[in-house]
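Close look at the chain arrangement
Here's the letter readout for the chains.
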Amino acid sequence: MLATLSLEDARKLVLLSQRLPNNKPLGAALQATLAAVQHLGYVQIDTIAVIARAHHHTLWNRTRRYQPQHLDELLQQRRIFEYWSHAAAYLPMAEYRFSLPRMHAFANGKSHWFKPNRKMMQHVLARIAAEGPLRAQDFNSQRRRKTGMWDWKPAKQALEQLFMEGKLMTLRRQCFHKVYDLAERVLPADINTNMPSETEYGCFLTSQFLRANGLGQAAEIAYQRSGLKPLIERCLTRMAQRGEIVPVQVIGRGKRAPNLPHYYALPNYRQLLRRPLARKHLKILSPFDNLLIQRKRMQQLFDFEYRIECYTPAHRRKHGYFSLPLLWNGKLAARMDCKAV
């Protein structure tokens, strides 16, 4: 039987699942940061720092005791790692094996931003193996060659290709620049590196998304994962048949908000909805916050149309260079331009 949720309860479920506003974190501050990364599944890294970098902003909204050095400490402790979710992100080290399908795809020819230069990759890998952790800047050459074989750009491309293939990992960041090392020297000795089966991988992505987002559809779960939607659809059907997830219909309001296509939720969603939602705590959200990253989803569920306009020519901006959404009373209620002139 298809369960139903009001639009208000659907929004509440999403916010509670996203831990917005945040609950009182338990344990030490560093542990609370790790718990936030583990619960969300990823925290996006972004270079834009108009207010604060996205990863710091997102985590601060989940735990008020968050400090920017926490991510460096967790990287050093090998409890999180950098890789790709829908974008560059910090991920829980305990879930490392579920990044292997993407790594293997790149190693086996999946296209990326540029064509791999295997000769340069061998050179880069050999230097790091012999010299230890290196940055892209460490590959600058004093020689100037028209071919550019040893200049910065090919080396950086090689480093990133090896990173995407899982042969290199980020040991730490130095002034926000990656310091790369061999994956086998970064991974904890006891980490599980077994490749998940296709079904295991799809069911993991599904469970992870629903845990962190409350409600989900196949297209949302497969967001920015090319070719994975059919697998997610099969996993949704399989998990629903086994009672591991339940289909839910969100009931809209009036002609402007018809019933939305049905979603899926974890079976404990009703227990979660019994928790109170702190509605009078204003949250200023990062444009790259996990709640907001899928703009179409926010428009459907929260009736909130949003785009970051720092990439938009000034004369075409509607809300400002860097307008941030404001969460208030369980709604995305307004925007604030944090770089108004």
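You'll find the structure just up there.
Anyway, here's the lowdown on the structure attached to this text.

What counts, and at which threshold
Residues numbered from 1 in each chain as written. Predicted model: local features only at pLDDT ≥ 70, side-chain atom pairs only at ≥ 80, totals over all residues. Heavy atoms only, no water. Pairing = 2+ DSSP bridges. Helix = DSSP H or I, 4+ residues; strand = E, 2+ residues; numbered from the N terminus.

Side note on the sheet that holds strand E3 (residues 80-84)
- Judged by pairing direction, the sheet is antiparallel, and its three strands sit side by side in the order E2-E4-E3 without closing on themselves. Here the strands that pair on one side only, and so sit at the sheet edges, are strand E2 (43-44) and E3.
- Taken together, the two bridges between E2 and strand E4 (residues 88-92) define a ladder with antiparallel strand orientation. Paired with Val 43 across the two strands is Tyr 90, which belongs to E4.

So, unusual backbone geometry
- The omega torsion across Leu 20 and Pro 21 is -15°, close enough to zero to call that bond cis.
- Its location among the elements puts Pro 21 in the loop between helix H1 (7-18) and helix H2 (29-40).
- Backbone geometry places Arg 78, a non-glycine residue, at a positive phi of 65°.
- Take Arg 78: it is sitting in the loop between helix H4 (69-76) and E3.
- Of note in this structure, Cys 175 is not a glycine but carries a positive phi near 55°.
- Following the sequence through the fold, Cys 175 ends up in the loop between strand E5 (168-174) and strand E6 (177-182).

In short, geometric facts, not functional conclusions.
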